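Listed below are the residues making up each chain.
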Amino acid sequence: MATMTTPAVTTTVDLSVQSVRDLNSALHKAREGSWHVTRPDGAHNLAVGLDAPLDVRIDGHAGYYCAGMNQHATVTVHGNTGVGTAENMMSGTVRVRGNASQSAGATAHGGLLVVEGDAAARCGISMKGVDIVVGGSVGHMSAFMGQAGRLLVCGDAGDALGDSLYEARIYVRGRVKSLGADCVEKEMRGEHLEDVRELLTAAAFTDIDPSEFRRYGSARALYHFDVDNSSAY
Amino acid sequence: MYDDPSARGLRESATFDRATIHAIQRAAETGVYDIRGWGAKRRLPHFDDLLFLGASMSRYPLEGYRERCGTDVVLGDRHATFPLHLDTPVTIAGMSFGALSGRAKEALGRGASDAGTSTTTGDGGMTPEERGQSKHLVYQYLPSRYGMNPDDLRKADAIEVVLGQGAKPGGGGMLLGQKITERVAGMRTLPVGVDQRSACRHPDWTGPDDLEIKIRELREITDWEKPVYVKIGATRTYYDVKLAAKAGADVIVVDGMQGGTAATQDVFIEHVGIPTLAALPQAVRALQEEGLHRKVQLIVSGGIRSGADVAKCMALGADAVAIGTAALIALGDNHPKWEAEYRELGSAAGYYDDFQAGRDPAGISTQDEELAARLDPVEGGRRLANYLRVMTMEAQTIARACGKAHLHHLEPEDLVALTIEASAMARVPLAGTDWIPGAGR
């Protein structure tokens, strides 16, 4: 592996000099510590498969699957990210200071994904327990087939929000262009306000009023195949 | 007893045969299409339509029981640090826990390990039973990502990115509510008892350019240690194989339309996809043109039943085969000893395909604990290992007769076709002629 500069507590990896393989290999071997990744220049697969409570800061834009399958680590991207940010994350925290491309948080089982800007289409697709907080808006088909977890959108949601939803919970502050098949608006009760408050606090979006959000979930009408519902499939 | 109507001179319609009439009547009564397991049941051009040319004057055979005929295969040495080294090219195809019982998965692992080959998870994640009993375990990476997690990814011996399967290329999966028990639901993060749908497209990539990045992600997560397979249902096989190879696959799995499923619409199984025999030569040609034949290994599945089928696949250019339906039969599926219970379910031994219903008398395609207890995983594993050994020995017998010291030395030149269709698909001459329909165009 190429040489890395090691200041007192933070290891710096300059991706204009070292490879993505160098970076991920070093992160997989580390059990603790802080890492500073510079000059990512949109490289794919940065900080994937981490399995330790590392603190990773990426200065710049990242490509596809940044922080994919993350466990335990905190990854902060000071830039935008490509497709599938934090896909299948199990635990830990991933924060994107800019915008995230489509399928952010796809199939993620746990942890917290915060996108401070906008997230594109299919944000939270097939989510399985993750918490996703988006500071801006999300694109069409977000939370498609969402099974578990919470998606909180501080801006607007695009077409077909929550299409074919299972048990994932969705909160949107702004306008929802349309709801997908079997997704309905539901009453905001006390526990849901608490949900929203908890997610806003976790994301450090403390200047937003939880009461401004509306809740969406599955009508559970498509849980069993019924020929009378064939037009909804 | 019913009489035989044809003996009275009555004529059955070839177009509206009894199965067709029954299907129309069933649709008219229920208003729902038929969902079933198994693969295509219709007659298709298949490996039965090929024959080997044993050695005689112009070729020297090898001595049976004396001269060595190798059967080992290495899968995934293109990029992976730890490719799979298998003793036989007959592997076990992906079948899910959920579709099958935990004991059936354990039996598959036991049998495969005993015979020195690999087994494969399915939609629904990796069970401890299967991991524990499988020396070589391929972990499927499916659109649903049910049960997918990096810990199991690291425990796997290889990763198989599934784009589709032969029984339903272009379709997602389904597991009906009666099989979604608490354990199955927990592994898939779903409510108990729902009719579960598995997505037909991956949620975070579309097309070969994305797949290349996805494969690199899986390699990065697992430190480039494990082979990455790509599995496709046989349709536009020539192009799909080229794209999969270019995307970086170490191994490509092509599943023909005879490949089985646990639950799919009958109309889908019988009318979408192409036969295994038609797909295999396309896949080989695609790899040859890319200079990747034998570098990217090719596994073929869909209707593989015997050592003859294995040898024919090898001769046409496959590196290995995978069996699913045949493995379940070896475990005890469709065994005559359950005839009375098959009849109670409206079926018969040899015909039973309601794997979706979860009432399998043989205790294989079920989550019912009482039924599942009928399958002893140790005995099931023994039966599967026996069957795998027989297939391997049968393939060796044929290879020796063709003068080949390894199954991979078999070649298309060793084959002829019995029918014009098989000749055109397999690109080997019609028996007794030097004619291959369509050759030279």
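Model, not experiment: these values are computed from the prediction. (Residues numbered from 1 in each chain as written. Chains lettered and ligands numbered in written order. Predicted model: local features only at pLDDT ≥ 70, side-chain atom pairs only at ≥ 80, totals over all residues. Heavy atoms only, no water.)

Quick look at the overall build of chain B now. When helices and strands are counted, chain B shows 15 helices and 16 strands. Against the globule reference of 22 Å for 441 residues, chain B gives a C-alpha radius of gyration of 22 Å, in line with a compact fold. Looking at chain B alone, contacts between residues at least 24 apart form 66% of all its contacts between residues at least 6 apart. Looking at chain B as shown, the accessible area adds up to about 18,400 Å², and 53% of this sits on carbon and sulfur atoms. Between the centroid of the 50 positive side chains of chain B and the centroid of its 59 negative side chains there is a distance of 2 Å. (Helix = DSSP H or I, 4+ residues; strand = E, 2+ residues; numbered from the N terminus. Rg over C-alpha atoms; globule rule 2.2 N^0.38 Å. Contact = heavy atoms within 4.5 Å. Areas by Shrake-Rupley, 256 points an atom, 1.4 Å probe, with all protein chains shown as cover. Lys, Arg positive; Asp, Glu negative; His and termini not counted. Charge placed at Lys NZ, Arg CZ, Asp CG, Glu CD.)

A few words on the sheet that holds strand β11 (residues 214-218) of chain A. Residue and element names in this part refer to chain A. With respect to topology, 11 strands assemble into an open sheet ordered β1-β2-β3-β4-β5-β6-β7-β8-β9-β11-β10, the strand pairing being mixed. Because the sheet does not close on itself, it has two edges, and the strands there are β1 (10-14) and β10 (183-186). Across the sheet, the axes of successive neighbouring strands diverge by a mean angle of 15°, strand direction being ignored. Sheet analysis places β1 next to strand β2 (residues 34-38), joined by five bridges and oriented parallel. Across the sheet, Thr-11 pairs through a bridge with Trp-35, a residue of β2. (Pairing = 2+ DSSP bridges. Axes fitted to C-alpha atoms, helices over the stretch in contact; angles between N-to-C directions.)

Opposite the 37 residues of chain B that make contact, chain A presents 36 residues. For the pair chain B and chain A, the summed buried surface comes to about 3,100 Å²; carbon and sulfur atoms form 55% of the total. It is B:Arg197, B:Ile213 and B:Glu220 that lose the most area in chain B upon contact with chain A, and together they represent 21% of the buried surface on that side. Counting across the chain B and chain A interface gives five salt bridges. When the shortest N-O distance is used, the salt bridge between B:Glu220 and A:Arg21 registers 3.0 Å. Here chain B and chain A share 19 residue pairs in polar contact (both at pLDDT 80 or more) between them. Listed by contribution, the elements that provide at least two residues to the side of chain B that touches chain A are α4 (150-155), β10 (196-197) and α6 (207-221) of chain B. Sorting elements by how many residues they give to the side of chain B that touches chain A places α6(B) first, with eight residues. Residue classes in the side of chain B that touches chain A are distributed as 17 nonpolar, seven polar and 13 charged. (Buried area = accessible area lost by both parts, 1.4 Å probe. Salt bridge = Lys/Arg side-chain N within 4 Å of Asp/Glu carboxyl O. Polar contact = N/O pair within 3.5 Å; in protein donor to acceptor, adjacent residues only side chain to side chain. Nonpolar A, V, L, I, M, F, W, Y, C, P; charged D, E, K, R; others polar.)

With that out of the way, let us pick up the nonpolar core. Counting 97 residues, the largest nonpolar core has B:Leu50, B:Ile252 and B:Ile323 as the members making the most contacts within it. It is helix α9 (residues 276-289) of chain B that provides the largest number of residues to this core, a total of eight residues. Each residue touching B:Ile323, except ones within four places of it in the same chain, is listed here: B:Val90, B:Thr91, B:Ile92, B:Ala93, B:Met95, B:Ile304, B:Tyr387, B:Leu388 and B:Met391. Listed in part, the 49 residues of the second largest apolar core include A:Val56, A:Cys66, A:Leu113 and A:Leu165. (Core = buried A, V, L, I, M, F, W, Y, C linked by side-chain atoms within 4.5 Å. Buried < 20%, exposed > 50% of the residue type's maximum accessible area, 1.4 Å probe, protein only.)

Let us now look at unusual backbone geometry. Even without a glycine there, the phi angle at A:Ser103 is positive, about 60°. Relative to the elements of secondary structure, A:Ser103 occurs in the loop between β5 (93-96) and β6 (112-115). When its relative accessible area of 2% is taken as the criterion, A:Ser103 is described as buried. Backbone geometry places B:Arg145, a non-glycine residue, at a positive phi of 55°. Of note, B:Arg145 is situated in the loop between β7 (136-141) and α4. Taking relative accessible area as the criterion, B:Arg145 reaches 1% and is therefore assigned buried.

Turning next to α6(B). For an α-helix the count is 3.6 residues per turn, leaving residues at separations of three or four pointing the same way. The terminal C-alpha atoms of α6(B), which comprises 15 residues, lie 21 Å apart, in line with the 21 Å expected from a rise of 1.5 Å per residue. Turning to α6(B), its buried residues number three or more, namely B:Asp210, B:Leu211, B:Ile213, B:Lys214, B:Ile215, B:Glu217, B:Leu218, B:Arg219, B:Glu220 and B:Ile221. Turning to α6(B), the residues buried within the fold contact α1 (20-29) of chain A together with β7, α4, β8 (158-162) and β11 (228-233) of chain B. Among the residues trailing α6(B), B:Asp223 stands out with phi positive, at a value near 55°. (Expected span 1.5 Å × (residues − 1).)

On to the side chain of B:Ser301. All names here are of chain B. With respect to the helices and strands, Ser-301 occurs in strand β14 (residues 297-301). At 2.9 Å, the side chain of Ser-301 and the side chain of Asp-255 are in polar contact. Contacts of Ser-301, omitting those with residues within four sequence positions, involve Val-253, Val-254, Asp-255, Gly-256, Thr-276 and Ala-322.

A separate point is the pattern of salt bridges. Summed over the entire model, instances satisfying the criterion amount to 52 salt bridges over all chains. Between A:Arg214 and A:Glu185 there is a salt bridge whose closest N-O contact spans 2.8 Å. One end of the pair, A:Arg214, is in strand β11; the other, A:Glu185, is in strand β10, and 29 residues separate them in sequence. For A:Arg214, a relative accessible area of 44% gives the class partly exposed. The shortest N-O distance in the salt bridge between B:Lys41 and B:Asp353 comes to 2.8 Å. Residue B:Lys41 is found in the loop between β1 (35-38) and β2 (50-52), and its partner B:Asp353 is found in the loop between α12 (339-344) and α13 (369-372); the two are separated by 312 residues along the sequence. Overall, the relative accessible area of 40% leaves B:Lys41 in the partly exposed class. Residues joined in a network through salt bridges with shared partners are B:Arg36, B:Lys41, B:Arg42, B:Asp266, B:Glu270 and B:Asp353.

We now examine the packing of aromatic side chains. Counting across every chain of the model gives six aromatic pairs over all chains. Considering the side-chain rings of A:Tyr64 and A:Tyr65, the 5.4 Å spacing of their centres and the 90° angle between planes classify their relative orientation as edge-to-face. Taking 5.0 Å as the distance between ring centres and 40° as the angle between the ring planes, the aromatic pair formed by B:Tyr342 and B:Tyr352 counts as tilted. Linking B:Tyr342 in helix α12 with B:Tyr352 in the loop between α12 and α13, this pair joins segments that are 10 residues apart in sequence. By relative accessible area, which is 0% here, B:Tyr342 ends up buried. Linked through ring pairs, B:Trp38, B:Tyr342, B:Tyr352 and B:Phe355 together constitute an aromatic cluster. (Phe/Tyr/Trp six-rings, centres within 6.5 Å; stacked < 30°, edge-to-face > 60°.)

Residues and elements named next belong to chain B. Most of helix α10 (residues 307-316) is tucked away, with nine of its 10 residues classed as buried. Listing the buried residues of α10 in full gives Gly-307, Asp-309, Val-310, Ala-311, Lys-312, Cys-313, Met-314, Ala-315 and Leu-316. Gly-317 lies just past α10 and shows a positive phi near 120°.

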